[in-house]
Amino acid sequence: EVRAAILAAAAERVARDGAADLSLRAVARDVGMVSSAVYRYFASRDELLTALIIEAYDSLGEHVEAQIAASAGRPAATRWIEAALTVREWALAHRHDYALIYGTPIPGYAAPDDTVASGTRVSRALVSIVREADRLEPITDRPVAPTLSKSFGALREQIDLDVDDTTTLAVITAWSQLFGLLSFELFGQTRNFVDDDEALFRAAATAMAASIGLRDD
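The rules behind each value
Residues numbered from 1 in each chain as written. Predicted model: local features only at pLDDT ≥ 70, side-chain atom pairs only at ≥ 80, totals over all residues. Heavy atoms only, no water. Helix = DSSP H or I, 4+ residues; strand = E, 2+ residues; numbered from the N terminus. Contact = heavy atoms within 4.5 Å. pLDDT = per-residue confidence, 0-100. 1 Å grid on protein atoms, 1.4 Å probe; cavity = no way out; pocket = protein on both sides within 12 Å on 5 of 7 lines; lining within 4 Å. Points joined across faces, edges and corners; volume = space filled by probe spheres on them. Nonpolar A, V, L, I, M, F, W, Y, C, P; charged D, E, K, R; others polar. Axes fitted to C-alpha atoms, helices over the stretch in contact; angles between N-to-C directions. Parallel < 35°, antiparallel > 145°, perpendicular 65-115°, else oblique. Left-handed = near helix turned anticlockwise from the far one by under 90°. Phe/Tyr/Trp six-rings, centres within 6.5 Å; stacked < 30°, edge-to-face > 60°. Salt bridge = Lys/Arg side-chain N within 4 Å of Asp/Glu carboxyl O. Buried < 20%, exposed > 50% of the residue type's maximum accessible area, 1.4 Å probe, protein only.

J.: Whenever I open this one, unusual backbone geometry confuses me. Can you help?
T.: Keep in mind that most residues, glycine aside, have a negative phi and that most peptide bonds are trans. The phi dihedral of Asp160 is positive, around 55°, even though this residue is not glycine. Here Asp160 lies in the loop between α9 (146-159) and α10 (165-186).

Here it is, written out as structure tokens:
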């Protein structure tokens, strides 16, 4: 309970002041503790930040995993589009958490390996849609540079995805486009660009699905 209270207070501090200005002393004041007591739960500011980052990644991962599990048996393209919209739904409801994990890097902080498992949950969930698709029909068969092929092979082994290099490139591109467009929206880059961000995001997700070769039947 004390740990949860510290994390909640830290999240409020990050939302108000930004992650770069997070202070264990300030968090201790917020929860009515002396700073030395907080250090019994988190040894440093970076350890507290890491806990917040893992919590945010897990929240997003759980949200998307649940939606994808519920969509089992539906057309692959539909599943991808709905999953993408679920990512957007979470991000809009957790703007500060999204900014913490996908926003500006925090000066002086380097995420440890502890964040990897949680940080890849949403990407692995999206990849599962590709893995479970009955068949793929990518819209391009453009060859991939040899310098990328080795890396793509290692990546496919890690995520258990049996596709060719061209499809791997399409998946990576779609994943990065999804979060890139979402960051544009959340950080104000689409202001005066479009009137309907949801419609733009849905249209882009549909194009992403097509580029990977996910079908609607």
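What follows picks up the thread again.
J.: Help me understand the side chain of Ser71, please; the structure alone is not making it clear to me.
T.: Here Ser71 is to be found in the loop between α4 (45-70) and α5 (76-93). Apart from the residues lying within four places of it in its own chain, the contact partners of Ser71 are Arg79 and Glu82.

J.: Mind showing me how you'd approach the confidence of the model for the protein chain here?
T.: In low-pLDDT regions, the fine details of the predicted coordinates are not to be read closely. Model confidence for the protein chain is summarised by a mean pLDDT of 93, while 100% of its residues fall at 70 or above. Mean pLDDT across the elements of the protein chain bottoms out in helix α3 (residues 35-38) (88) and peaks in α5 (98).

J.: Even after reading the chapter, I still don't get the layout of surface pockets, so can you show me in this structure?
T.: Unoccupied space between atoms shows up once a probe the size of one water molecule is rolled over them. Quantified by volume, the largest pocket comes out at close to 230 Å³. Around the largest pocket, the lining residues are Thr120, Ser123, Arg124, Val127, Leu155, Gln158, Ile159, Leu161, Thr168, Val171, Ile172 and Trp175. Mapped onto the lining of the largest pocket, the elements with two or more residues apiece are α8 (121-132), α9 and α10. The greatest single-element share of the lining of the largest pocket, amounting to four residues, is contributed by α10. Across the lining of the largest pocket, the residue classes break down as seven nonpolar, four polar and one charged.

J.: Sorry if this is basic, but what is going on with the side chain of Gln67 here?
T.: Inspection of the secondary structure assignment puts Gln67 in helix α4. Setting aside chain neighbours within four positions, we find Gln67 in contact with Arg79, Glu82, Ala83 and Thr86.

J.: Explain the packing of α8 against α10 here, please?
T.: Each pair of packed helices can be described by the angle between their axes along with the distance between the axes. Interhelical geometry of α8 versus α10 gives an angle of 130° and a closest axis separation of 11 Å. In this view, α8 runs oblique relative to α10, as classed from their interaxial angle. In this structure, α8 meets α10 at a crossing whose hand is right-handed. Only Val171, Trp175, Leu178 and Phe179 of α10 make contact with α8, whose side of the interface consists of Val122, Ser123, Leu126, Val127 and Val130. When the residues that make up the contact of α8 with α10 are grouped by side-chain class, the tally is eight nonpolar, one polar and no charged.

J.: What exactly am I supposed to notice about the packing of α5 against α10 here?
T.: At their nearest, the axes of α5 and α10 sit 11 Å apart, and the two run at 35° to each other. As α5 packs across α10, the resulting crossing turns out to be right-handed. Contact residues: Trp80, Ala84, Val87, Arg88, Ala91 and Leu92 in α5; Ala174, Leu178, Phe179, Leu182, Glu185 and Leu186 in α10. Of the residues that constitute the contact of α5 with α10, the class distribution is 10 nonpolar, no polar and two charged.

J.: Mind showing me how you'd approach the packing of aromatic side chains here?
T.: Evaluated as defined, the whole model comprises five aromatic pairs. Seen in terms of ring centroids, Trp175 and Phe179 are 5.6 Å apart; in terms of plane orientation they differ by 55°. Their pairing is tilted. Linking Trp175 with Phe179, this pair stays in helix α10, spanning four residues, or about one helical turn. Among the aromatic residues, ring-to-ring pairing joins Tyr57, Tyr98, Tyr102, Trp175, Phe179 and Phe187 into one connected group.

J.: I would appreciate a short explanation of the pattern of salt bridges in the present structure.
T.: Side-chain pairing between opposite charges can occur once the charged atoms of the two side chains come close. Scanning the entire structure with this criterion turns up 15 salt bridges. The residue Arg74 makes a salt bridge to Glu82 at a minimum N-O spacing of 2.6 Å. Judged by its relative accessible area of 42%, Arg74 falls in the partly exposed class. With a shortest N-O distance of 2.7 Å, Arg215 and Glu137 are connected by a salt bridge. Residue Arg215 is located in the segment after α11 (197-212), and its partner Glu137 is located in the loop between α8 and α9; the two are separated by 78 residues in the primary sequence. Judged by its relative accessible area of 41%, Glu137 falls in the partly exposed class.

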